[in-house]
Amino acid sequence: MSNLPFDRHRRLRSSKSMRDIVRETHLHTEDLIYPIFVLEEKGKKVEVPSMPGIHQISIDRLGEEMDEVVELGIRGVLLFGIPDHKDAVGSEAYNDDGIIQQATRFIKENYPDVLVVADTCLCEYTDHGHCGVIEHQFVDNDKSLPLLVQTAVSQAKAGADIIAPSNMMDGFVTEIRQGLDEAGFENIPIMSYAIKYASAFYGPFRDAAGSTPQFGDRKTYQMDPANRLEAQREAESDIVEGADFLIVKPAMTYLDIMREVRDRFNVPVVAYNVSGEFSMVKAAALNGWIDEEQIVLEKLLSMKRAGADLIITYFAKDAAKWIQR
Ligand code: PBG
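Residues numbered from 1 in each chain as written. Predicted model: local features only at pLDDT ≥ 70, side-chain atom pairs only at ≥ 80, totals over all residues.

Looking at the overall build of the protein
Across its full length, the protein holds 11 helices and 12 strands. What you see for the protein is a C-alpha radius of gyration of 20 Å, in line with the 20 Å of a compact globule of 325 residues. Seen through its C-alpha atoms, the protein measures out along the principal axes to roughly 75 × 45 × 40 Å. When the 325 residues of the protein are sorted by exposure, 45% land in the buried category. (Helix = DSSP H or I, 4+ residues; strand = E, 2+ residues; numbered from the N terminus. Rg over C-alpha atoms; globule rule 2.2 N^0.38 Å. Buried ≥ 20, exposed ≤ 12 C-beta atoms within 10 Å, placed from the backbone.)

Listed below in structure tokens is the structure:
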């Protein structure tokens, strides 16, 4: 051995207890939000083929999911609706008796302590599958906004605790904030999908929610995965417009963006660990190629390390079980 000095980093890794006391990042059950797909059709619990273990579930069976959520100590669920009826303007999204509104009322009546986060978008409710209304084959920003406001207000009336607009129309935070305030919901926060990339990782979700666009793609409203500064502009606008939380979506391939958002803004940052990220891990795990528990916990931890305060993840129930152990 030479007598050149070097640092002994391994001193702090010498035992589990030693590693435990110097660990910088922690994953807690309180960090997790569990997405649920609610079906309008009765008596159903249907596994999503590309998302093993994730179901579309009807309201009469929603209690099965919610009992587990409560048992595991998960604080919030993110609701997506799968309506029986779709049309060009997504009417079921803002029907006070729509699927999400019914599901929200059910949860708030029976599980009042679980936070209901309502996804505010039209794509599950439009027959063309886009997130707004179409004019001349183009998603019209300003014509979509009033419908999104109506959706958010209707969700709040049903008892939603947090409004999460995912549609990527410009001005949605301003408009929804004003709409909520005027309707007397000034205390309902907006969790904005501020930074949402046009990502291939949403594929399995679109199977689950039946929301694949029937023509074109979402690239005129969702962001180009190549852009970093644009993410800052999106976050800035949403903060100015009054967003209470900022979502970065997807998570895994955008940890750099998450870190920058965390460093520049002081609202809670939410990582959305999306469907494709879930399905890839599941597929490998089901083949016995990876250790699912270790991989999932490592991934979720990396999102926290990148600055996320909260994580929306289809692994929420599994992770909560693993954390408890
Ligand atoms: C609705 C919405 C999408 C997701 C969440 N809200 C799909 C999309 O934009 O196509 C994707 C979530 C996931 O992949 O898990 N606009």
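Observations concerning the UniProt feature "binding site: 5-aminolevulinate 2" (unreviewed entry) in the protein
If you check UniProt for "binding site: 5-aminolevulinate 2" (unreviewed entry), the listed places come out as Ser275 and Tyr314 in our numbering. These residues run over 40 residues, yet every pair of their C-alpha atoms falls within 7.3 Å of each other. With respect to the element layout, serine 275 can be found in helix α9 (residues 275-286). Taking the number of C-beta atoms within 10 Å as the measure of exposure, serine 275 has 25 and is therefore buried. (UniProt positions renumbered as here; feature names shortened; annotations may be inferred.)

So, the nonpolar core
By size, the foremost hydrophobic cluster in this structure holds 97 residues, and its most contacted members are Val38, Leu79, Leu246, Val248 and Val270. Not counting residues up to four positions away in its chain, the partners in contact with leucine 246 are Ser192, Ala194, Ile195, Ala235, Asp238, Val261, Phe265, Val267, Val269 and Val270. (Core = buried A, V, L, I, M, F, W, Y, C linked by C-beta atoms within 7 Å. Contact = placed C-beta atoms within 7 Å.)

Quick word on the pairing of strand β9 (residues 191-196)
Walk down a regular strand and you will see the side chains alternate between the two sheet faces. Taken across its six residues, β9 has six buried, putting it largely inside the fold. Bridging between β9 and strand β10 (residues 245-249) involves four bridges; their strand directions are parallel. Note that in β10 the partner of serine 192 across the bridge is leucine 246. (Pairing = 2+ DSSP bridges.)

Some remarks on the packing of helix α4 (residues 141-157) against helix α5 (residues 172-182)
For the pair α4 and α5, interaxial distance at closest approach is 9 Å and the crossing angle is 45 degrees. The angle between the axes of α4 and α5 places the two elements in the oblique class. At the point where α4 passes α5, the crossing takes the right-handed sense. Each of Leu145, Leu148, Val149, Ala152, Val153 and Ala156 in α4 lies in contact with α5, whose residues at this interface are Phe172, Glu175, Ile176, Gly179 and Leu180. Tallied by class, the residues present in the contact of α4 with α5 amount to nine nonpolar, one polar and one charged. (Axes fitted to C-alpha atoms, helices over the stretch in contact; angles between N-to-C directions. Parallel < 35°, antiparallel > 145°, perpendicular 65-115°, else oblique. Left-handed = near helix turned anticlockwise from the far one by under 90°. Nonpolar A, V, L, I, M, F, W, Y, C, P; charged D, E, K, R; others polar.)

Looking at the site of the ligand
Around the ligand sit Asp119, Cys121, Cys123, Cys131, Ser166, Tyr202, Phe205, Arg206, Ser211, Arg218, Val274 and Ser275, and that is every residue in its neighbourhood. By residue class, the composition of the shell around the ligand is six nonpolar, three polar and three charged. (Near = placed C-beta within 6 Å.)

What about the UniProt feature "binding site: Mg(2+)" (unreviewed entry) in the protein?
Under the UniProt annotation, "binding site: Mg(2+)" (unreviewed entry) lies at Glu234. In this structure, glutamate 234 sits in helix α7 (residues 229-241). Since 23 C-beta atoms lie within 10 Å of it, glutamate 234 is described here as buried. Every residue in contact with glutamate 234, bar those within four places of it in the chain, is listed here: Ala194, Ile195 and Met223.

Points about the pairing of strand β3 (residues 51-58)
Here strand β1 (residues 32-39) runs beside β3; their pairing, made up of three bridges, is parallel. Bridged to phenylalanine 37 within β3 is glutamine 56. The pairing of strand β2 (residues 45-48) with β3 spans four bridges and is antiparallel. Paired with lysine 45 across the bridge in β3 is isoleucine 57.

Some words on the confidence of the model for the protein
Scored by pLDDT, the protein comes out at a mean of 96, with 100% of its residues at no less than 70. Reported confidence for the predicted complex is 0.96 by ipTM and 0.97 by pTM. (pLDDT = per-residue confidence, 0-100.)

A short note on α9
Helix length check: α9 (12 residues) gives 16 Å between terminal C-alpha atoms against 16 Å at 1.5 Å per residue, within 8%. Inspection of α9 places Ser275, Gly276, Glu277, Phe278, Ser279 and Lys282 among the buried residues, and these make up the whole buried set. On its buried face, α9 sits against β3, α6 (203-209) and β11 (269-273). Looking one or two residues past α9, glycine 288 carries a phi angle of roughly 75 degrees, positive in sign. (Expected span 1.5 Å × (residues − 1).)

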